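Topology and contacts: notes
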Amino acid sequence: MLKNKNIVLGVSGGIAAYKACELTSRLKKLNANVEVIMTKSASEFVTPLTFQSLSLNQVVTDMFEAPKYWEIEHISLAQKADILIIAPATANIIGKLANGIADDMLSTTVMAAKAPIVIATAMNVNMYENVIVQKNIEYLKSLGYIIIEPDEGRLACGDIGKGRMVDPAVIVEKVLEILNPKKDLEGKTFIVTAGPTVEALDPVRFITNHSTGKMGYAIAEKAAKRGAKVYLISGPTSLNTPLGVERININSTSEMLNKVLKYFDQADVVIKSAAPSDYAPVEYSEQKIKKKDEELVIRLKKNPDIAVELGKIKGNKILVGFAAETNDLVENAVIKIKKKNLDYIVANDVKAEGAGFGTDTNIVKIIDAAGNIDDIPIMKKIDLADIILDKISNKLGERT
Ligand code: PMT
């Protein structure tokens, strides 16, 4: 189940280092390639030879003791890792990571890695409860590190409380969940719209808004990961196209409507996370508009409302809209869900801190056509994407 997966296992210095041996062996049984990096103090608890025998790979310890490896190793291991696990993760390594300290092979490798990082914490209960440690853990969580909290029980030092590293089987389960994500959207086609539209006034000026596309791209990325065929119809953004997603670039709201209609027949689901401009200039000036009078009046005409158009022809497709509001969030969103014939509307107060345009997080209420409201607390847009997709997946399931 983990064939062709490169797992870098960082072992830091705690008594739970012995459990990392079982973890290595479990990962090997699932056919993963396991590369172990030990901190200096970890090798006081378990010898590198143990991990070498279990992983069948050279174990990396001190970066300065093995120059033939370290020159490339901390970068190459970071690059080749599909996932990094630190188990056990002591207060020391957590503190280093939270503060950007890279002074040994493990911290250096983690710092250079782009892969998901799982941290299985293990330490004395009083250390675990220490406010600095807790602050570091919370900070790492907010950066997307996956923290596995310790179990409660009798600790090696004799104290009783939270601090014991979880069973290696729990860590393996987490790794499987991350590396083999569910494919519940396989066979389904999604259209996701994202980003702003731009409505040109002349060759150098345009009307637009603050959308960066982050929300829509997160949904497209997760839908593709979960097996869907995804058409991402995107206004101008600086984001990279998520893996496995077909991106279609547009500028104006009318262009967005045309492209959505082009792929509409194939779609099972349309998610309208874009912020299309409601108005466009009545006239486009072929030449740059010259500076003349004190006031310049620009006449605007209403753009088509794409969601309204889709709502009229949606059949049994699932249509999800967003509502970007600055006041009366629920009331306004409920009006839109009806007017646009949506199955769900994801309402965000774009004035709230941590929500709306440009942020990596959002705070939303997901409202369904029957008026049920799911209050979602602040979370990363990438995680919110999964919550929205879970609802759609359930609804698709009900229909088959
Ligand atoms: O891109 P980010 O920086 O990550 O920001 C995310 C976001 C704030 C853009 C996103 O979370 C969001 O709220 N998107 C909807 C923005 C918007 O246009 O909201 P609205 O309330 O004006 O429109 C309601 C719905 O109708 C939306 O689904 C919108 O895509 C759709 N619409 C609007 C106008 C129009 N002419 N055609 C449409 O289809």
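Residues numbered from 1 in each chain as written. Predicted model: local features only at pLDDT ≥ 70, side-chain atom pairs only at ≥ 80, totals over all residues. Heavy atoms only, no water.

1. Some thoughts on the nonpolar core
Our working definition: Think of a nonpolar core as a cluster: buried Ala, Val, Leu, Ile, Met, Phe, Trp, Tyr and Cys residues, connected wherever their side-chain atoms sit within 4.5 Å. Partly exposed describes any residue whose relative accessible area lies between the buried limit of under 20% and the exposed limit of over 50%, with all areas from a 1.4 Å probe on protein chains only and scaled to the type maximum. Whether two residues touch is decided by their heavy atoms; if any such pair falls within 4.5 Å, the residues are in contact.
Counting residues in hydrophobic clusters, the biggest one holds 33 residues, and the most contacted among them are Leu27, Ile85 and Ile171. If we ignore the near neighbours within four places in the chain, the residues touching Leu27 are Leu2, Ile7, Ala32, Val34, Ile85, Val172 and Val175. Among the nonpolar cores identified, the runner-up in size contains 32 residues, and Ala194, Tyr217, Ala218 and Leu384 belong to it.

2. Considering the packing of aromatic side chains
Put simply, the rule is: Two rings belonging to Phe, Tyr or Trp (six-membered ring only in the last case) form a pair when the distance between their centres is within 6.5 Å. Interplanar angles under 30 degrees mark stacking, angles over 60 mark edge-to-face geometry, and anything in between is tilted. Put simply, a charge is over a ring when the Lys NZ or the Arg CZ is close to the ring centre, within 6 Å, and near the line of the ring normal, within 35 degrees.
For the structure on display, the rule yields one aromatic pair. Seen from the ring of Phe264, Lys317 lies directly overhead, with NZ or CZ sitting 5.0 Å from the centre.

3. Some thoughts on the site of the ligand
Formally: We call a residue near a molecule or strand when any one of its heavy atoms sits within 4 Å of it. Any pair of nitrogen or oxygen atoms within 3.5 Å is treated as a polar contact; in protein, a donor-acceptor pairing is required on top of that, and neighbouring residues in sequence qualify only through side-chain atoms on both sides. Per-residue and other accessible areas were derived by the Shrake-Rupley procedure at a 1.4 Å probe size, with only the shown protein chains allowed to occlude residues. Working definition: helices are DSSP H or I runs of at least four residues, strands are E runs of at least two. Numbering for both runs from the N terminus. Think of it as three bins: nonpolar holds Ala, Val, Leu, Ile, Met, Phe, Trp, Tyr, Cys and Pro, charged holds Asp, Glu, Lys and Arg, and polar takes everything else, Gly as well.
Around the ligand there are 29 residues in total, and Ser211, Thr212, Lys272, Lys336 and Asn348 lie nearest to it. At 3.1 Å, a backbone N or O of Ile306 approaches a nitrogen atom of the ligand. Residue Lys336 places a side-chain N or O atom 2.5 Å away from an oxygen atom belonging to the ligand. Considering the ligand on its own, with 760 Å² of exposed area, one finds that the protein chains cover 96% of that surface. Of all the elements in the fold, those that place two or more residues in the shell around the ligand are helix H10 (214-225), helix H12 (306-313) and strand E16 (318-325). In the shell around the ligand, the residues fall into 11 nonpolar, 11 polar and seven charged.

4. Let's talk about the sheet that holds strand E17 (residues 344-349)
Our working rule: Pairs of strands are assigned from DSSP output, requiring at least two bridges between the strands. Note on method: axes are straight lines fitted to C-alpha atoms, helices fitted across the in-contact stretch only, with angles between N-to-C directions ranging 0 to 180 degrees.
Here eight strands make up an open sheet; going across it, the order is E12-E11-E8-E13-E16-E17-E18-E19 and the pairing mixed. Two strands close off the open sheet at either side, each with one partner strand: strand E12 (245-249) and strand E19 (373-380). Within this sheet the neighbouring strands show an average axis-to-axis angle of 20°, counted without direction. As defined by bridge partners, strand E13 (residues 269-272) adjoins E16 across four bridges and the pair is classed as parallel. Note that in E16 the partner of Lys272 across the bridge is Gly321. Its contacts with the sheet put helix H13 (residues 329-339) on E16, E17, strand E18 (361-368) and E19, and the angle it makes with E17 is roughly 150°. Sheet strands touched by helix H14 (residues 381-399): strand E8 (189-194), E13, E16, E17, E18 and E19. Its angle to E19, the strand with the most contacts, is close to 145°.

5. A few points about the domain arrangement of the protein
The criterion, for reference: The split of the chain into domains comes from an automatic or database domain assignment.
On domain assignment, one finds that the protein holds domain 1 (6-179) and domain 2 (189-279 + 292-398). For domain 1 versus domain 2, the separation of C-alpha centres amounts to 39 Å.

6. Overview of the side chain of Asn303
Positionally, Asn303 belongs in the loop between strand E15 (300-302) and H12. Filtering out sequence-adjacent residues up to four positions away, Asn303 remains in contact with Glu199, Thr253, Ser254, Ser277, Asp278, Tyr279 and Ala280.

7. With respect to the pattern of salt bridges
Note the threshold: Think of a salt bridge as a Lys or Arg side-chain nitrogen and an Asp or Glu carboxyl oxygen that are within 4 Å of each other.
Under the defined criterion, the tally for this structure stands at 22 salt bridges. The salt bridge partner of Asp103 is Lys96, with a shortest N-O separation of 2.8 Å. Of the residues examined, Asp103 reaches a relative accessible area of 46% and is grouped as partly exposed. We classify Lys96 as buried; its relative accessible area is 11%. We note a salt bridge from Lys182 to Asp390, for which the minimum N-O separation is 3.3 Å. With Lys182 in the loop between helix H9 (168-179) and E8 and Asp390 in helix H14, this pair connects stretches of sequence that are 208 residues apart. Owing to a relative accessible area of 48%, Lys182 belongs among the partly exposed residues under this scheme. Judged by relative accessible area, which is 29%, Asp390 ranks as partly exposed.

8. Here we look at the sheet that holds strand E3 (residues 83-89)
Reading across from one edge, E2-E1-E3-E4-E5 is the order of the five strands in this open sheet, with parallel pairing throughout. Where the open sheet ends on each side, the last strands, each with one partner, are strand E2 (33-38) and strand E5 (146-148). Averaged over all pairs of adjacent strands, the angle between their axes in this sheet comes to 20°, without regard to strand direction. The pairing of strand E1 (residues 6-11) with E2 spans six bridges and is classified as parallel.

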